[in-house]
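Chain residues, written in single-letter form:
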Amino acid sequence: MKEQDTMEQQEQANGEQENITNTNDTTPLEGEAAAEAVDENNVITALQQQSDENHNRYLRAQADFDNFRRRTIKEKEELMQYASLKLVSQLLPVLDNFQRALQTSTEAVEGGAFAKGVDMIYRQLFQVLEAEGLKQMDVVGQPFDPEWHQAVMQVESDEYAEGIVVEAIQPGYVLKDKVIRPAMVKVSQ
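Anyway, here's the lowdown on the structure attached to this text. (Residues numbered from 1 in each chain as written. Predicted model: local features only at pLDDT ≥ 70, side-chain atom pairs only at ≥ 80, totals over all residues. Heavy atoms only, no water.)

**Some points on the overall build of the chain**
Item 1. Each helix and strand in the chain was counted, giving 3 helices and 6 strands.
Item 2. Taken from N to C terminus, the helices and strands of the chain fall in the order α-α-α-β-β-β-β-β-β.
Item 3. Counting the 189 residues in the chain, one finds 12% classified as buried.
Item 4. A fraction of 60% describes how many contacts in the chain between residues 6 or more apart in sequence connect residues 24 or more apart.
Item 5. For the chain, the computed accessible surface area is about 15400 Å², with 53% contributed by carbon and sulfur atoms. (Helix = DSSP H or I, 4+ residues; strand = E, 2+ residues; numbered from the N terminus. Buried < 20%, exposed > 50% of the residue type's maximum accessible area, 1.4 Å probe, protein only. Contact = heavy atoms within 4.5 Å. Areas by Shrake-Rupley, 256 points an atom, 1.4 Å probe, with all protein chains shown as cover.)

This is the structure in C-alpha cells:
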C-alpha cells in the first residue's frame, strides 16, 4: 500500500506540475487576449466618439444651412417688396409737379404756360427713368427686327427700301439691355 500511496503522490505531483505548466501556458494567452480585448474596446470607444463628433458636426452644418436658406428667402422677399423704393422716391417730386400743374391749369388763363409746365414735367420724369437705365428706341430708318419692333402695317415708300421702319406709331423702350416694350411701327414694302 505504501507503494500505491507513493505512486499516487507522484501522479498527484505530476498532475500539479501539469496544472502549473498549463496554468503558466494559458495565463499569458489569457493575458494577451485580455489586452487585445481592452485594445479593441479602446478602439471601439474612440471610433464611437469620432462617430458622435461627426454626427454632431453634420447636425450643426444642417442647422446652419437651414438658417441660411430661411435668411436668403426672407432677404429675397424684402428685396422684391422694396425693389421699387428708390424709383418711387425719385418719382415723388414728379408727381408733386403734376399736382401743381393740374391745380394751376384751372386757374391759368393762358394755355401756353400750362403746356410748357407739362412739357417740363415730362422731361423731368424721363430723366428719372433714364437714370434708372430706360432708353427710348430710335427705330425710324432701321431694318425691321421682330425682337425690337411690332409691325402694325406695311406702307408704300419711295424714301425707304423694303423692310425698313418708316414710322413709329408707339415708341418702344429698352431697360438696360432688355426690351421691355417693342415699338409699334409701320414697315415699308
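**Observations regarding the sheet that holds strand β2 (residues 149–155)**
Item 1. The mixed open sheet is built from 3 strands, whose spatial order is β2-β6-β3. What marks the edges here is a single partner per strand, and that holds for β2 and β3 (165–170). The average undirected angle you get between the axes of adjacent strands in this sheet is 30 degrees.
Item 2. Direction of pairing for β2 relative to strand β6 (residues 183–188): parallel, over a ladder of 6 bridges. (Pairing = 2+ DSSP bridges. Axes fitted to C-alpha atoms, helices over the stretch in contact; angles between N-to-C directions.)

**Side note on unusual backbone geometry**
Item 1. Not every positive phi belongs to a glycine, and K176 is a case in point at roughly 60 degrees.
Item 2. Structurally, K176 is set in the loop between β4 (173–175) and β5 (178–181).

**Some words on the side chain of H149**
Item 1. Structurally, H149 is set in strand β2.
Item 2. Relative accessible area serves as the criterion here: at 7%, H149 is assigned to the buried category.
Item 3. Sequence-distant contacts of H149, defined by excluding residues within four places in its chain, comprise V139, P143, F144, V165, P182, A183 and V185.

**Let's talk about the sheet that holds β4**
Item 1. One open sheet holds the 3 strands; their spatial order is β1-β4-β5, and the pairing between them is antiparallel. Sheet topology places β1 (134–136) and β5 at the edges, where each strand pairs with a single neighbour. In this sheet, neighbouring strand axes are inclined to one another by 35 degrees on average, regardless of whether the strands run parallel or antiparallel.
Item 2. As defined by bridge partners, β4 adjoins β5 across 3 bridges and the pair is classed as antiparallel. Paired with V174 across the two strands is V179, which belongs to β5.

**Looking at the packing of aromatic side chains**
Between two aromatic rings, the relevant description is the distance of the centres plus the angle of the planes.
Item 1. In the structure shown here, the tally under the stated rule is 1 aromatic pair.
Item 2. Seen from their ring centres, Y122 and F126 are 6.2 Å apart, and the 20 degrees between their planes marks the pair as stacked. Pair noted here: Y122 and F126 are both in helix α3 (residues 111–131), with a separation of 4 residues, about one helical turn.
Item 3. Among the residues examined, Y122 registers a relative accessible area of 44% and is labelled partly exposed.
Item 4. Residue F126 is classed as buried on the basis of its relative accessible area of 17%. (Phe/Tyr/Trp six-rings, centres within 6.5 Å; stacked < 30°, edge-to-face > 60°.)

**A look at a nonpolar patch on the surface**
Item 1. A surface patch of nonpolar side chains, about 250 Å² in accessible area, is lined by V88, L92 and L95.
Item 2. Mapped onto the fold, V88 is located in helix α2 (residues 85–107).
Item 3. A relative accessible area of 42% places V88 in the partly exposed class. (Patch = residues over 30% accessible without salt bridge, like charges linked within 9 Å, V, L, I, M, F, W, Y side chains within 5 Å. Salt bridge = Lys/Arg side-chain N within 4 Å of Asp/Glu carboxyl O.)

**A few points about the pattern of salt bridges**
Item 1. Per the counting criterion, the structure on display carries 4 salt bridges.
Item 2. Taking the shortest distance from any N to any O, the salt bridge between E53 and R57 comes out at 3.9 Å. You can see E53 and its partner R57 sitting in helix α1 (residues 2–82), 4 residues apart, about one turn around the helix.
Item 3. A relative accessible area of 45% means that E53 is categorised as partly exposed.

**Regarding the nonpolar core**
Item 1. M137, V139, V165, V174, A183, V185 and V187 form the largest nonpolar core, which has 7 residues in total.
Item 2. The element that contributes the greatest number of residues to this core is β6, accounting for 3 residues. (Core = buried A, V, L, I, M, F, W, Y, C linked by side-chain atoms within 4.5 Å.)

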